[in-house]
Amino acid sequence: MSKLAIQLQQYLFILLGVFIPTSIAITNFIIVAISFCWLLEGNFKVKFELIKNSKWIMSIFALIFLYALGMFWGDVHLDAHWQFQRLALLLVFPVLFTIQLNQSTIRHGVSAFLITTFISACIAILINNNLLSPLSEYIVFINPDPYTSAFIKYNYHNVLLALSFGLCLYLIIEKKTEYKRVLVLFIIVYAVSIFTELGRAGQVLFNLISLFYIIYYSSKQIFKSVIFFILLLGFQFLVYQTTNAYKQRVQAVSHILQNNGEKPNKTKDIRYVFVEESLNKIFEKPFLGHGTGSFGATITKQLQGYDYHHKTPHNQYLYVWFELGVFGLFLLGRIFYYQILEMLTKKDRIHMVLLPLSFIFLMLIDSYLFIFLLTITYIYLYTVCSRYESE
């Protein structure tokens, strides 16, 4: 039974790379199946020892425990149930951290993920150019949401493509693949899809990953770095001049930044409002915060006149600080601090460390650690990077 469970885990892990970018429902099913195999596999003494010796996993448990304690302070906990549902997903981390994975499984998982995001990008481009109708018109189980890019919402779709772009760069730069030209094609398609749609997180992440490599290699391969920088600038200029979605996004963000959060219609950008109001409430209770599940109801009282449908301030750090105070913020930082240290022990550490750094940046834009699709994507890719043995 144990051998069968281990073998089944290999296939399920590869399938996870296919369905994370395409179906939340099937992704959920695969996660449950992997967890069931994890139980059947046994060997719990070794697993618990690995978990106990991992400082970042113990920090996850500590953060979840602090959220449980957060039910005992504060005046309102209306979103606590929603919060604990998101926290439960973090328990997938220790499961994938301790399952047995072959190196071939990891490579096939990466291939499955990159190929699927490439197909998603191609479909999104066709839909955006009216060459294909939204997939909901062909496939009944796809949500007919106007904000859906191909299979998932455009803001999540773009982030997955940006992360895929970073993976492709690593494989090309470090010569980890025989299919260099194929990956170059993938990068071009990813870039076109990212910058011809809405979704600034993916666009900014794409640029930051590019600048990361340009700066890192500027002292080693200055000519290639300069060429890459020129290509990046040229691409940005081209998409700005030819793509309305990107041009309007840049102009809108520039106006907001130059006018202290004010939009062209004279209303305040909701993200600016969240930052201001969140900080005001945070400084009232900076050490313990307002308690688990308190953000939505508490901020709603402060935002009369706004069309408010948000459970978080679109910033992971403010969200945790608001509800759990500096102790929660410390534990959140501790998770990624020790993940970065773990990545720095890898042979290709400069590439591996880019993943947690990317997610640290993304959490400035939204509460991505509590968004199912982005959380499971990060867990999956972190498992790949931490378990991959570079040749």
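Residues numbered from 1 in each chain as written. Predicted model: local features only at pLDDT ≥ 70, side-chain atom pairs only at ≥ 80, totals over all residues. Heavy atoms only, no water.

Visitor: Sorry if this is basic, but what is going on with the overall build of the protein chain here?
Guide: When helices and strands are counted, the protein chain shows 18 helices and zero strands. In terms of overall size, the protein chain behaves like a compact globule, its C-alpha atoms giving a radius of gyration of 21 Å where 391 residues would be expected to give roughly 21 Å. Its C-alpha atoms give the protein chain principal-axis dimensions of roughly 60 × 55 × 50 Å. Here the protein chain holds 391 residues, and the buried ones make up 51% of them. Here the contacts in the protein chain between residues at least 6 apart in sequence split such that 73% fall between residues at least 24 apart. For the protein chain, the computed accessible surface area is about 19,200 Å², with 65% contributed by carbon and sulfur atoms. Distance between charge centres in the protein chain, computed from 30 positive and 21 negative side chains, equals 7 Å. (Helix = DSSP H or I, 4+ residues; strand = E, 2+ residues; numbered from the N terminus. Rg over C-alpha atoms; globule rule 2.2 N^0.38 Å. Buried < 20%, exposed > 50% of the residue type's maximum accessible area, 1.4 Å probe, protein only. Contact = heavy atoms within 4.5 Å. Areas by Shrake-Rupley, 256 points an atom, 1.4 Å probe, with all protein chains shown as cover. Lys, Arg positive; Asp, Glu negative; His and termini not counted. Charge placed at Lys NZ, Arg CZ, Asp CG, Glu CD.)

Visitor: When you look at unusual backbone geometry in this model, what are you seeing that I'm missing?
Guide: It is generally the case that most residues other than glycine have a negative phi and that most peptide bonds are trans. Look at Asn 130: it is not a glycine, yet its phi comes out positive at around 60°. Relative to the helices and strands, Asn 130 is located in the loop between α7 (103-128) and α8 (154-173). Residue Asn 130 is classed as exposed on the basis of its relative accessible area of 71%. In this structure, Asn 260 is a non-glycine residue whose phi angle is positive, near 50°. Among the secondary structure elements, Asn 260 is positioned in the loop between α12 (244-258) and α13 (270-282).

Visitor: Looking at this model, I keep getting lost on the pattern of salt bridges. Mind explaining?
Guide: Side chains that differ in charge, positive against negative, can pair when their charged atoms come close. Scanning all chains against the criterion turns up six salt bridges. Here Glu 41 ties to Lys 47 by a salt bridge, and the two come within 3.5 Å at their closest N and O atoms. Accessibility classification places Glu 41 together with Lys 47 in one group, the buried group. Ionic pairing is found between Asp 79 and Lys 311, a salt bridge with its closest N-O pair at 3.3 Å. Residue Asp 79 is located in the loop between α4 (55-69) and α5 (80-89), and its partner Lys 311 is located in the loop between α14 (295-302) and α15 (316-343); the two are separated by 232 residues in the primary sequence. By relative accessible area, which is 35% here, Lys 311 ends up partly exposed. (Salt bridge = Lys/Arg side-chain N within 4 Å of Asp/Glu carboxyl O.)

Visitor: Which parts of the structure should I look at to understand helix α2 (residues 24-41)?
Guide: Residues lying three or four places apart along an α-helix face the same way, a consequence of the helix completing one turn every 3.6 residues. Spanning 18 residues, α2 covers 25 Å between terminal C-alpha atoms, matching the ideal 26 Å at 1.5 Å per step. Taken together, the buried positions of α2 are occupied by Thr 27, Ile 30, Ile 31, Ala 33, Ile 34, Cys 37, Trp 38 and Glu 41. The buried residues of α2 all sit within an arc of 165° when viewed along its axis, so they share a single face. The exposed residues of α2 that point more than 90 degrees off its buried face are Ala 25, Phe 29, Val 32 and Phe 36. For α2, the elements touching its buried residues are α1 (2-19), α3 (44-52), α5, α6 (92-98) and α18 (372-387). A distance of 3.2 Å separates the backbone nitrogen of Ile 26 from a side-chain oxygen at the start of α2, and that oxygen is part of Ser 23. (Expected span 1.5 Å × (residues − 1). Arc of directions from axis to C-beta. Polar contact = N/O pair within 3.5 Å; in protein donor to acceptor, adjacent residues only side chain to side chain.)

Visitor: Just to check I follow, could you spell out a nonpolar patch on the surface for this structure?
Guide: On the surface, Val 204, Leu 208, Leu 211, Ile 215, Phe 229 and Leu 233 cluster together into a nonpolar patch covering about 500 Å² of accessible area. Per-element accounting of the nonpolar patch gives the leading share, four residues, to helix α10 (residues 200-217). Here Leu 208 is to be found in helix α10. With a relative accessible area of 37%, Leu 208 lands in the partly exposed category. (Patch = residues over 30% accessible without salt bridge, like charges linked within 9 Å, V, L, I, M, F, W, Y side chains within 5 Å.)

Visitor: Honestly, the side chain of Gln 83 in this entry has me stumped. Any pointers?
Guide: Mapped onto the secondary structure, Gln 83 falls in helix α5. One polar contact links Gln 83 to Tyr 319, side chain to side chain, over a distance of 2.9 Å. In contact with Gln 83, not counting residues within four places along its chain, are Tyr 67, Thr 292, Tyr 319, Glu 323 and Phe 370.

Visitor: Explain the packing of aromatic side chains to me, please; I cannot follow it from the model alone.
Guide: Each aromatic ring pair is described using two quantities: the centre-to-centre distance and the angle formed by the ring planes. Per the stated rule, a full pass over the model turns up 31 aromatic pairs. Measuring from centroid to centroid gives 4.3 Å for Phe 118 and Phe 186, while their planes differ by 15°, and the two rings are stacked. Within this pair, whereas Phe 118 is found in helix α7, its partner Phe 186 is found in helix α9 (residues 180-195), the two being separated by 68 residues in sequence. Pair check on accessibility: Phe 118 and Phe 186 agree, each one buried. Ring geometry for Phe 206 versus Phe 235: centroids 6.3 Å apart, planes at 40°, classification tilted. Of this pair, Phe 206 sits in helix α10 while Phe 235 sits in helix α11 (residues 222-242), and the two are 29 residues apart along the sequence. Here Phe 206 falls in the buried class, since its relative accessible area comes to 5%. (Phe/Tyr/Trp six-rings, centres within 6.5 Å; stacked < 30°, edge-to-face > 60°.)

Visitor: I'm lost on the environment of Leu 329 in this one. Help?
Guide: Residue position: Leu 329 is located in helix α15. On the basis of relative accessibility, which here comes to 25%, the residue Leu 329 falls in the partly exposed class. Distance in space between the C-alpha atoms of Leu 329 and Lys 180 is 41 Å, their sequence separation being 149 residues.

Visitor: In this structure, what is going on with the confidence of the model for the protein chain? I would like to understand it.
Guide: Parts of the model with low pLDDT should not have their predicted coordinates read in detail. Here the protein chain shows a mean pLDDT of 91. Residues at 70 or above account for 98%. Across the protein chain, the secondary-structure element scoring lowest on mean pLDDT is α14, at 83, and the one scoring highest is α4, at 98. (pLDDT = per-residue confidence, 0-100.)

Visitor: Looking at this model, I keep getting lost on α9. Mind explaining?
Guide: Helix length check: α9 (16 residues) gives 23 Å between terminal C-alpha atoms against 22 Å at 1.5 Å per residue, within 8%. Within α9, the full set of buried residues consists of Leu 183, Phe 186, Ile 187, Val 189, Tyr 190, Ala 191, Ser 193, Ile 194 and Phe 195.

Visitor: Would you explain the packing of α15 against helix α17 (residues 354-365) in this entry?
Guide: Running from N to C, α15 and α17 cross one another at 165°; their axes reach a closest spacing of 10 Å. On the basis of the axis angle, α15 is roughly antiparallel to α17. In this structure, the crossing between α15 and α17 has a hand that is left-handed. Residues Gln 316, Tyr 317, Leu 332, Phe 336, Ile 340 and Met 343 of α15 form the contact with α17, whose participating residues are Pro 356, Leu 357, Phe 359, Ile 360, Met 363 and Leu 364. The class makeup of the residues in the contact of α15 with α17 is 11 nonpolar, one polar and no charged. (Axes fitted to C-alpha atoms, helices over the stretch in contact; angles between N-to-C directions. Parallel < 35°, antiparallel > 145°, perpendicular 65-115°, else oblique. Left-handed = near helix turned anticlockwise from the far one by under 90°. Nonpolar A, V, L, I, M, F, W, Y, C, P; charged D, E, K, R; others polar.)

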